[in-house]
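# Chains, contacts and geometry: an overview
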Amino acid sequence: MHADPLARPRGWQNGFRVGMPFVTLRCLQSRLASRIAAPLALSCAAALVALSLSPTLFAQPPSDHPPHHQHPQTNAEADKPEEPSAVIDATTAGGSLILDHDWKMGITSDDAPAQPSFDDSKWATRNAQKSFADVSDTTIESEFKVHHDRHHGPFGNGFAWFRIHVLLPAHHDHWVLLVRLPITRSGQFTGGTEPSLGMDVFANGQQITPEGPHATAPEGYPQISRIYPIHIPDSDTSLTLAIRIPYVPIGFSAYTSFFAGRTFILGDGRDLNVHLNLWKDRILFERLPSLVDSGIKMLLGLFLLALFWTQRDHREYLWLGLHLIFTAPLAFIELGGSYGRMERMLLGALSMQLLLISTYFYFEFLVSFLSLRKRWYILAMRYTAPLLLPFGPLLLFVRGNTPAIGIALVIFGLFALAWVVAWFLFVGITLTVAAIRRNYEAALLLLPLLLSVVGLVEILSTSSASWMGGPIQSPLTFQFGPIPIHFSAVADFAGIFVIIVIIFARFLRIHRERERASNELAAARSVQELMIPRESPETPGFHVDTVYKPAAEVGGDFFHIEAVGDGGLLVVIGDVAGHGLQAAMNVSMLMGALRRSNQTEPSELLASLNEVLVGSASFTTCEVAYFSPDGEVVIASAGHPPPYLNSQEIHLPGGLPLGVIADVQYEQIRLYLHPGDRLLMMSDGVAEARKSNGELFGFDRVRNLSNQSAFFIADAAKEFGQEDDITVLTVRRLAQAAAA
């Protein structure tokens, strides 16, 4: 069904185009999505776009009598005789015919030029050039006068019309009109492809609905090459094509650059459908490098997140992985827009939001990567970054008539601009200073940054030149078969290569450091195993059980069992604060001191051990018990958990842990072991065992299990949820020794 030829062009409300200008949104998703300079250009463009998007805030209401645009005519134009309308002969065209000359042009506030009977002999004749000369206005008083809001464009001066007359062959039932757009990205930034022109096509007075996605409402989507079917009888060999666009006298959407990004081809539909499919294939080839780049970024980002999962202390892997994952979808979003599948406002909002978020992640990556101190400007950028989030969603609502949306968009756009400028200065200065200080990894990151700046300049300069005179090919772009390689793609792949090199170098360095630390821990563990006996020594008159379960490769718990010459037994148990190599070194010092000491009095032995550890920047809880042959037990504690005698807790005088201060005096108590009595001593790793839900093993469970063997108690605590070293030691007085 054909539309009303007098209908207002799609996408116009109250004389103002609805939607974001396509040139800005296409620039928003440029090839520098993952680089440093892109967010700067995007935020600048977005803040400026906001000034022109809200019809309520910034559009002027149309007047009741819009003034007609008048151009002064030269004497040559005034004296020029009338010329008949030229007719393009397509009877011998073969498969297709490019309509590149003899276009009649005029500017009017009427819709009569859509009719084939309209006399355009007084109109100017122009060829399909990148930029053609201006034309004069024509005021037509039509007999079917309609309401003025159908008769003015965004500047109140009507529409620009392009008419051409074609003589068709006898059989043209499959003939169509193909409106082809440029393939190169820079070409798609040109004013000739600006969709805000709201192009409508008429064939012999009937408006044509194009084929392709969203054909009935294409104004909300990026413009693509389309086929316009021509439904006229075979008997009618005279075709008048009329194209109407809102009159825009100046700027990127000026009517004088209408042909800069469009080629009109008339011919057999089967041939032109093949031509259109080739155009789609070339669009894919044009974006193939960026799609490959995005795929590699996604895989690399996932790898970095997995690497962070195994190395939680390296947060730079987390931030860089998130940065890559958020920039990876940009190429696929752009491809969807290039095929006209994604709405322009959604396209711009997604691109802008992903760019701003990925920019913040790169900032955090750089802070972690270079281990920067949290200076005021870093904290300011970090805590103001959440204000970047509303900018993208506001773009989706800017088409409404709410003034608050337009004001908010301007405010957040200016803030995003200021933040990205600060970010750009921060990244550039930080990397440069680090490179000067011979940080070679920072120097490697500086390389893709510089290449990205060159790529941005290439895109902007090529696009500006295209706006002035049609699509052009950048001198920095070269062909790899059917695939064009832009300089921005080279910068992207260079950035990926640098990231891989840095990750590989850091992985090797961290692996070497961990291997060296592992070797050191293995050596410390060997020394500790020699100092802490795996089996209890012979203790006449007493039966001793010991269990030692370190939480790490090298534990901080220790115990010492020594049979004294008069038939007594000396038992020492302790827990050095911390884990790892430092704790193992303190254990070694204590074990060495115990083996050199001749003290058997618990309080005196604790005092001497305290002097050994003073100044070691660590502390140790310890408990010493001396068992006499007659069953008397003397116990002193330095902050260690209390022992249990036959399931009863023994209350000991409190004492400071070893190594806190010098010259500490420790109190001791005396008790008696009858034959068969058992004394339980343990480290705090038993009571501090914890389940995943936070529940502690606790001293109540210790008391309930205190009559069990040392192995049972240690296994119960470990299965409950070991978090610290576990040491359990039991001493039972034998009845035979008592009888002797």
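Numbers given for residues are sequential positions, taken from 1 along each chain in its written order. Thresholds applied to this predicted model are a pLDDT of at least 70 for local features of residues and 80 or more for the giving and counting of side-chain atom pairs; totals over whole chains, interfaces and linings are not thresholded and use all residues. Calculation of side-chain values draws on the structure's entire complement of heavy atoms; hydrogens and water are dropped beforehand.

So, about the overall build of the chain. The numbering of helices and of strands both runs from the N terminus, where a helix is a DSSP run of H or I of at least 4 residues and a strand a run of E of at least 2. Tallying secondary structure elements over the chain gives 19 helices and 25 strands in all. With a 1.4 Å probe rolled over the protein chains alone, any residue whose accessible area is under 20% of its type maximum counts as buried; one over 50% counts as exposed, and the rest are partly exposed. Across the 740 residues in the chain, those meeting the buried criterion constitute 53%. Residue pairs at least 24 apart in sequence account for 77% of intrachain contacts in the chain once pairs closer than 6 positions are excluded. Put simply, the chain shows about 33,000 Å² of open surface, and 60% of that area lies on carbon and sulfur atoms. In what follows, a contact means two residues having at least one pair of non-hydrogen atoms within 4.5 Å. Each accessible area is a Shrake-Rupley result for a 1.4 Å probe, and residues are judged covered by the shown protein chains and nothing else.

Here four strands make up an open sheet; going across it, the order is β4-β13-β8-β11 and the pairing antiparallel. The open sheet has two edge strands with one neighbour each: β4 (96-98) and β11 (226-229). Adjacent strand axes in the sheet meet at a mean angle of 25°, parallel and antiparallel pairs treated alike. Strand pairing requires that DSSP identify at least two bridges connecting the strands. Bridge analysis of strand β8 (residues 175-180) against strand β13 (residues 263-268) gives six bridges, and the strand direction is antiparallel. Bridge pairing in β13 places valine 179 opposite phenylalanine 264. In this analysis, axes come from line fits to C-alpha atoms, helices being fitted only over the stretch in contact, and the angle between any two N-to-C directions falls in the range 0 to 180 degrees.

Counting buried positions along strand β17 (residues 557-563) gives five out of seven residues, so the element sits mostly inside the fold. In the sheet, β17 pairs with strand β18 (residues 569-576) via seven bridges, with the strands oriented antiparallel. When the bridges of β18 are listed, isoleucine 561 appears paired with valine 571. Following β17, the chain reverses through five residues before pairing antiparallel with β18; glycine 567 in that reversal takes a positive phi of roughly 95°.

This part is about a nonpolar patch on the surface. Like charges within 9 Å and nonpolar side chains (Val, Leu, Ile, Met, Phe, Trp, Tyr) within 5 Å are joined into patches, using only residues over 30% in relative accessible area that form no salt bridge. We define a salt bridge as a side-chain nitrogen of Lys or Arg found within 4 Å of a carboxyl oxygen belonging to Asp or Glu. A grouping of Leu346, Leu350, Leu396 and Phe397 is seen on the molecular surface, where their side chains present a nonpolar patch of about 330 Å² in accessible area. Of all the elements in the fold, those that place two or more residues in the nonpolar patch are α9 (344-369) and α11 (391-397). With respect to the helices and strands, leucine 350 occurs in helix α9.

In this section: helix α12 (residues 403-436). Over its 34 residues, α12 runs 50 Å from end to end, which matches the ideal 50 Å to within 8%, given 1.5 Å per residue. Just beyond α12, the residue with positive phi is arginine 438, at close to 65°. One fewer than the residue count of a helix, multiplied by 1.5 Å, yields its expected span.

Let us look at the confidence of the model for the chain. Averaged over every residue, the pLDDT of the chain is 78; the share at 70 or more is 78%. Think of pLDDT as the predictor's per-residue confidence, scored from 0 to 100. Segment residues 1-83 is flagged for pLDDT under 50; beyond a separation of four residues in sequence, or across chains, it makes 210 contacts in the model.

On inspection of all chains with the given rule, the structure shows 18 salt bridges. One salt bridge in this structure joins aspartate 715 and lysine 549, with 3.4 Å as the shortest N-O distance. Of this pair, aspartate 715 sits in helix α18 (residues 710-721) while lysine 549 sits in strand β16 (residues 542-549), and the two are 166 residues apart along the sequence. A salt bridge links arginine 703 to aspartate 700, with the nearest nitrogen and oxygen atoms 2.9 Å apart. You can see arginine 703 and its partner aspartate 700 sitting in helix α17 (residues 698-705), three residues apart, about one turn around the helix. A residue is classified by how much of its surface remains accessible, and aspartate 700, at 49% relative accessible area, is partly exposed. Bridged by salt links that share partners, the residues Glu316, Glu441, Arg506 and Arg509 form one connected network.

Next up on the list: α9. The end-to-end C-alpha distance of α9, which contains 26 residues, comes to 37 Å, matching closely the 38 Å that a straight helix rising 1.5 Å per residue would cover. The buried count for α9 comes to 23 of 26 residues, which makes it a mostly enclosed element. Serine 371 sits one or two residues past α9 and shows a positive phi near 50°.

Here we take up unusual backbone geometry. Unusually for a residue other than glycine, histidine 214 sits at a positive phi of about 55°. Within the secondary structure, histidine 214 sits in the loop between β10 (206-207) and β11. Of note, serine 371 is a non-glycine position whose phi angle comes to about 50°, a positive value.

Relative to the elements of secondary structure, phenylalanine 397 occurs in helix α11. It is 8.9 Å that separates the C-alpha atoms of phenylalanine 397 and methionine 345, two residues lying 52 residues apart in sequence.

Stacked, tilted and edge-to-face pairs are distinguished by plane angle, under 30 degrees for stacked and over 60 for edge-to-face with tilted covering the rest, among Phe, Tyr and Trp rings (Trp via its six-membered ring) whose centres lie within 6.5 Å. Applying the stated rule across the entire model yields 27 aromatic pairs. Following the ring pairs from residue to residue traces out a cluster consisting of Trp319, Phe326, Tyr360, Phe361, Phe363, Trp376, Tyr377, Trp419 and Phe426. Here, over-ring charges are defined by two tests on the NZ atom of lysine or the CZ atom of arginine: distance to the ring centre within 6 Å, and angle to the ring normal within 35 degrees. Just above the ring of tryptophan 309 sits the side chain of arginine 312; from NZ or CZ to the centre is 4.0 Å.

Here valine 166 is to be found in strand β7 (residues 159-167). Excluding its chain neighbours within four sequence positions, the residues that come into contact with valine 166 are Val87, Ile88, Ala90, Leu99, Thr237, Ser238, Leu239 and Leu266.

As a further point, take the sheet that holds β17. Here we have five strands laid out as an open sheet, ordered β17-β18-β19-β20-β23, and antiparallel in their pairing. Of all the strands in the sheet, just β17 and β23 (668-672) have a single pairing partner and so form its edges. With direction set aside, neighbouring strand axes in the sheet form an average angle of 15°. Note: β18 against strand β19 (residues 620-627), eight bridges, orientation antiparallel.

Time to look at the side chain of serine 338. Along the chain, the position of serine 338 falls in helix α8 (residues 329-338). Polar contacts involving the side chain of serine 338 include one to the side chain of arginine 287, which spans 2.9 Å. Between N or O atoms, a polar contact is any pair within 3.5 Å; within protein, one atom must be a potential hydrogen donor and the other a potential acceptor, and residues adjacent in sequence are included only when both atoms are from side chains.

The topology assignment puts aspartate 271 in helix α6 (residues 269-310). Aspartate 271 sits 95 residues away from valine 176 along the chain, and the two C-alpha atoms are 9.7 Å apart.

Contact geometry of α9 with helix α10 (residues 376-384) gives a least axis separation of 11 Å together with a crossing angle of 150°. One finds that α9 runs roughly antiparallel with respect to α10. When you trace α9 past α10, the crossing you get is left-handed. Note on element contacts: α10 touches α9 through Ile378, Met381 and Arg382, opposite Tyr360, Phe363, Glu364 and Val367. Should an angle lie under 35 degrees it is considered roughly parallel, over 145 roughly antiparallel, and from 65 to 115 roughly perpendicular; all remaining angles are considered oblique. Working rule for handedness: look at the near helix, and if it is turned counterclockwise from the far one by less than a right angle, call the crossing left-handed; if clockwise, right-handed.

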